Amino acid sequence: MITFLQRAVIMGIPLLFGATGETITEKSGHLNLGIPGILYVGAISGVIGAFFYENSVGAANIVPILAILIPLLCSILGSLLMGLIYSFFTVSLRANQNVTGLALTTFGVGIGNFFGGSLIRLSGADVPSINLTATSNCFKSKLPFVDSMGWFGELFLSYSFLAYLGIIIAVVTAVIMRRTRVGLHLRAVGENPATADAAGIPVEKYKYFSTCIGSVIAGLGGLYYIMDYAYGVWSNNGFGDRGWLAIALVIFTVWKTDLGILGAFLFGGLLIIHNYIPNLGVADQELIKALPYVVTIIVLVIVSARKRRENQPPQSLGLSYFREER
Amino acid sequence: MAVPAIELRNITKVFLGKVVANKNVNLTVNYGEILSILGENGSGKTTLMNMIAGIYYPDEGQIFINGEEALIVSPKDAFKYRIGMIHQHFKLVDVFTATENIILGLKDEERYDTKKAAVQVKAIADQYGFELDPDKKIYEMSVSEKQTVEIIKVLYRGADILILDEPTAVLTPQETEKLFAVLRRMREDGKAIIIITHKLHEVLELSDRVSVLRKGEYIGTVETKDATEASLTEMMVGKKVELNIERPDPKDPEERLIVAHLSVKNREGLTVLKDVSFTAMSGEILGIAGIAGSGQRELLETIAGLQPIEYGGVQYITPESGKIEYLRDKTPMEIRELGVRLSFVPEDRLGMGLVGNMDITDNMMLRSYRRGRTMFLERKAPQSLAERIIEQLQVTPSGTSTPVRRLSGGNVQKVLVGREIAAAPTVLMAAYPVRGLDINSSYMIYDLLNAQKKNGVAVIFVGEDLDVLTALCDRIMVIGQGSITGIVDGRTASKEEIGLLMTKGGHVS
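Since the model is a prediction, treat every value here as computed from it, not as a measurement. (Residues numbered from 1 in each chain as written. Chains lettered and ligands numbered in written order. Predicted model: local features only at pLDDT ≥ 70, side-chain atom pairs only at ≥ 80, totals over all residues. Heavy atoms only, no water.)

A word on the side chain of Ser210(A)
Residue and element names in this part refer to chain A. Of note, Ser210 is situated in helix 10 (residues 203-229). Polar contacts involving the side chain of Ser210 include one to the side chain of Ser28, which spans 2.9 Å. With residues up to four places along the chain from it excluded, the contact list for Ser210 reads Ile24, Thr25, Ser28 and Leu186. (Helix = DSSP H or I, 4+ residues; strand = E, 2+ residues; numbered from the N terminus. Polar contact = N/O pair within 3.5 Å; in protein donor to acceptor, adjacent residues only side chain to side chain. Contact = heavy atoms within 4.5 Å.)

Some points on the packing of aromatic side chains
For the structure shown, the criterion picks out nine aromatic pairs over all chains. Between the aromatic rings of Phe51(A) and Phe52(A), the centroid separation amounts to 5.4 Å while the plane-to-plane angle is 85 degrees, which identifies the pairing as edge-to-face. Relative accessible area serves as the criterion here: at 5%, Phe51(A) is assigned to the buried category. When the ring of Tyr225(A) is compared with that of Tyr229(A), the centres are 4.9 Å apart and the planes differ by 25 degrees; the resulting orientation is stacked. With Tyr225(A) and Tyr229(A) both in helix 10 and four residues apart, the pair spans about one turn of that helix. The burial state of Tyr225(A) is the same as that of Tyr229(A); both residues are buried. Sitting above the plane of the Phe64(B) ring, Arg9(B) keeps its charged end 4.0 Å from the centroid. Against the face of Phe79(B) rests Arg157(B), its NZ or CZ located 5.2 Å from the ring centre. (Phe/Tyr/Trp six-rings, centres within 6.5 Å; stacked < 30°, edge-to-face > 60°. Buried < 20%, exposed > 50% of the residue type's maximum accessible area, 1.4 Å probe, protein only. Lys NZ or Arg CZ within 6 Å of the ring centre and 35° of its normal.)

What to know about unusual backbone geometry
Residue and element names in this part refer to chain A. The phi angle at Tyr231 is positive, at roughly 55 degrees, despite the residue not being glycine. Within the secondary structure layout, Tyr231 lies in the loop between helix 10 and strand 2 (233-235). We note that Trp255 has phi near 60 degrees; this positive angle belongs to a residue other than glycine. When you line up the elements, Trp255 lands in the loop between helix 11 (242-252) and helix 12 (257-272). For Trp255, a relative accessible area of 9% corresponds to the buried category.

Observations regarding the interface of chain A and chain B
Taken residue by residue, the interface counts 20 residues in chain A and 23 residues in chain B. When the two sides are added together, the surface that chain A and chain B hide from each other amounts to roughly 2000 Å², 56% of it contributed by carbon and sulfur. The interface formed by chain A and chain B holds one salt bridge in total. As a salt-bridge pair, Glu100(B) and Arg187(A) come within 3.7 Å of each other at their nearest N and O atoms. Among the secondary structure elements, those contributing two or more residues to the side of chain A that touches chain B are helix 7 (161-179), helix 8 (181-191) and helix 9 (193-198) of chain A. Of all the elements, helix 8 of chain A adds the most residues to the side of chain A that touches chain B, at six residues. For the side of chain A that touches chain B, the class distribution of residues is six nonpolar, six polar and eight charged. (Buried area = accessible area lost by both parts, 1.4 Å probe. Salt bridge = Lys/Arg side-chain N within 4 Å of Asp/Glu carboxyl O. Nonpolar A, V, L, I, M, F, W, Y, C, P; charged D, E, K, R; others polar.)

Examining the pattern of salt bridges
All names here are of chain B. All told, the structure shown has 29 salt bridges over all chains when counted by the stated rule. Residues Asp329 and Arg328 are paired through a salt bridge, measuring 3.6 Å at the closest nitrogen-oxygen approach. One salt bridge connects Asp467 with Lys495, and the closest N-O pair in it is separated by 2.9 Å. Of this pair, Asp467 sits in helix 16 (residues 466-472) while Lys495 sits in helix 17 (residues 495-502), placing them 28 residues apart in sequence.

A closer look at the domain arrangement of chain B
Examined at the domain level, chain B breaks down into domain 1 (6-237), domain 2 (253-341 + 425-509) and domain 3 (354-423). Centre-to-centre, using C-alpha coordinates, domain 1 of chain B lies 44 Å away from domain 3 of chain B. (Domains from an automatic or database assignment.)

Examining the environment of Ile272(A)
Residue and element names in this part refer to chain A. Inspection of the secondary structure assignment puts Ile272 in helix 12. A relative accessible area of 8% places Ile272 in the buried class. In this structure, the C-alpha to C-alpha distance between Ile272 and Asp147, residues 125 residues apart in sequence, is 24 Å. Apart from the residues lying within four places of it in its own chain, the contact partners of Ile272 are Phe4, Arg7, Ala8 and Met11.

Quick notes on the pairing of strand 9 (residues 209-214) of chain B
Side-chain positions along a regular strand alternate between the two faces of the sheet. Residue and element names in this part refer to chain B. In terms of burial, strand 9 is largely enclosed, as five of its six residues are buried. Sheet topology places strand 9 next to strand 10 (residues 217-223); six bridges connect them, and they run antiparallel. The residue bridging Ser211 from the neighbouring strand is Thr221, located in strand 10. What sits between the antiparallel neighbours strand 9 and strand 10 is a turn of two residues, in which Lys215 has the positive phi angle 45 degrees. (Pairing = 2+ DSSP bridges.)

Looking at the nonpolar core
The biggest cluster of nonpolar side chains holds 80 residues, and the ones touching the most others in it are Val47(A) and Trp234(A). A total of 11 residues in this core trace back to one element, the largest contributor, which is helix 1 (residues 2-27) of chain A. With near-sequence residues (within four places) excluded, Val47(A) lies in contact with Leu119(A), Ile130(A), Leu132(A), Ile226(A), Met227(A) and Trp234(A). Counting 47 residues, the second-largest nonpolar core is a separate cluster that includes Val345(B), Val404(B), Met444(B) and Val478(B). (Core = buried A, V, L, I, M, F, W, Y, C linked by side-chain atoms within 4.5 Å.)

Points about helix 8 (residues 229-237) of chain B
Residue and element names in this part refer to chain B. The set of residues buried in helix 8 consists of Leu232, Thr233, Met235, Met236 and Val237. Lining the buried residues of helix 8 we find strand 3 (33-38), helix 7 (200-206), strand 9, strand 10, helix 16 and helix 17. Just past helix 8, the residue Gly238 takes up positive phi, approximately 80 degrees.

Focus on the sheet that holds strand 14 (residues 311-317) of chain B
All names here are of chain B. Spatially, four strands are ordered 12-11-14-15 in an open sheet, and the strand pairing comes out antiparallel. Bordering the open sheet on either side are strand 12 (271-281) and strand 15 (324-326), each of which pairs with just one other strand. Adjacent strand axes in the sheet meet at a mean angle of 20 degrees, parallel and antiparallel pairs treated alike. (Axes fitted to C-alpha atoms, helices over the stretch in contact; angles between N-to-C directions.)

Section: helix 2 (residues 35-57) of chain A
All names here are of chain A. Spanning 23 residues, helix 2 covers 33 Å between terminal C-alpha atoms, matching the ideal 33 Å at 1.5 Å per step. Most of helix 2 is tucked away, with 18 of its 23 residues classed as buried. Once helix 2 ends, the next one or two residues include Gly58, with phi positive near 90 degrees. (Expected span 1.5 Å × (residues − 1).)

Observations concerning the pairing of strand 8 (residues 192-197) of chain B
Residue and element names in this part refer to chain B. With six of its six residues buried, strand 8 lies for the most part within the structure. Residues Ala192, Ile194 and Ile196 line one face of strand 8 and the alternating positions Ile193, Ile195 and Thr197 line the opposite face, and both faces are buried. In the sheet, strand 3 pairs with strand 8 via six bridges, with the strands oriented parallel. Counterpart to Glu33 in the pairing with strand 8 is Ala192. Crossover handedness for the path strand 7 (residues 161-165) to helix 6 (residues 173-188) to strand 8: right-handed. (Right-handed = clockwise from strand over helix to strand, strands pointing away.)

Set out below in structure tokens:
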């Protein structure tokens, strides 16, 4: 049971990163369907950084702090670039957000697999994957006294720093959204950019910043997935549909990132629960894996039926804003 | 004399290099007074005020605030000069509370604290006699409460100069009274207040001075105590301009469309039409005059079967057979299946009339696609109709495959009117068919309407230019705030007469 919960959390953390990033972006009125691609780019950028660092000094001699910082920085840069591309197209050029997002997803997956493939050839491995166990161990290092604390330690303290970072980011985001002027302004931009503009809020700046910050956070989800969940092993197309699940999670949690923490663990649990139910056929397993989507649809139906305005998506989500258009 | 709060000198604003919205406007506002800006639709009142509020920037002329020349290029600059504008369309975020909306956009001078702000909001509300719950969400508010939020928003920012763009258009008489009381209290408090309106009685009741605009030009400013409704109307509509529009006499007019005691509510449940009764005759053009938003659009849409009727009915009398059809509670398709040949040229050409991204032929098919016998679309007839319209109405560019969105306004209108006329209607309704069109295109549309009239069609023409209405129409029906305030003979009626009728009308609530 403890193992199941622990695995559920680990499974849920990449979704949490993705959903937090997407929520921040959506609050500015931009529906970024490029999240799946950004997860790939965030991951592969980190992998590239780690790969070259490990290869330059040798896996045995790496300095833990550098082994963490280099992939982290690379990952942030990679997803920041994706965020910039997306915001340039949708904010400055006012391109269709859905089309841009889907293009970024295709692009990001392609980039990930391309560089992944290249690195696999560079490493000359027999299996089609890159093994960065040394770096991964640095990422996975946990508090030294955890093992002595029994089930409590295992359940609450056994995760790597990125997992806690994800939870902290989600909480901080929720507080910023609700309790600060920046949050108020950002929400106003997403709800009604014309009003925000008239109130003197720099609409484009807010849109750019929230999209880019959202991308970076989502990209960290990719990094966490590779370095922690997958033990530092990159294999092409390894993400499955986690990116889409993150977007579903945003709807599931009605655009609240603190709810997202619980939602992510729930989704994580639903994704792996088939491993813990004995005597399941392949078909049943797949059915159970679809559960997160089913609950998202149910939530969507309930939220729409209740018509609580606070639980609706930002009003101008998906719409470009152009001041002189009347 | 004290330094005026605002002084405008020779302000000129031209849109897109050709549409002159304001031309050499001069006016002043003092602290402790209420100035009304009066003018018809499209006379440039709002544009002028937007220049003071930093939404637009004037092409020529200067703005002086407190005697010093001011450069206002953004709403922020306007705040800096303590100018606050309450727009006609509220700029509020629905899911925020009143307080959140009021403090939106303010700088971090002190800690973000909605509770403290709510107390200040309440204090301002009490000072001027507003009723407002600072924690109420905007989407739960009535229109007048939303307006209150807007006014307090500018007061909270310390505005001393307030501009209100048609604040009473959305209010009931009681709410209007309350608002006026508040505005008077602000005047006593030494604020300068500008109110845009076209309701004469409000001007006379509230303001100290009136400045009149007509077609973008500044006509003059008078003291309210020296003005009467008649003198203001004359300033507003001006001398009659002779237009050389043909007006043949109606030939054998007979009743075609009878509207009786029609009452209609809009989606928000407000009454937009109240006890409207009239008859449209074949072979005549019935003009509808009125201030924008008085119910013209709803009237046409109701006849066309697009809006539900609350009370009353619409009868159509079939030519020759004289059979009466009742159009109430029927969809446009059902109306057409009855054999009622009704054509509608809506105000919103590319929204309701045509599909911008489709070409001319496809747009023709929107009206005829049901005629095909096979599962595939029949394109030949629409294609030749498109070609005929392009040739006869001189639509440019002349290809049938040009997306309609790429045509100029005048050509879009030609395509739309051409299509509606091709359906051989017996009733043709056109809402603002010449809006935004140049002189030549306008005259072509007038000719088309006249040709239909000669064919015995009952034409209903909603217009805004009184010169055109009095030159083109046989009868002119004036609509004011959802009810008919008079039907006059187009050949003898004066613009003043119509102008006065336009500003009357029982208030709907």
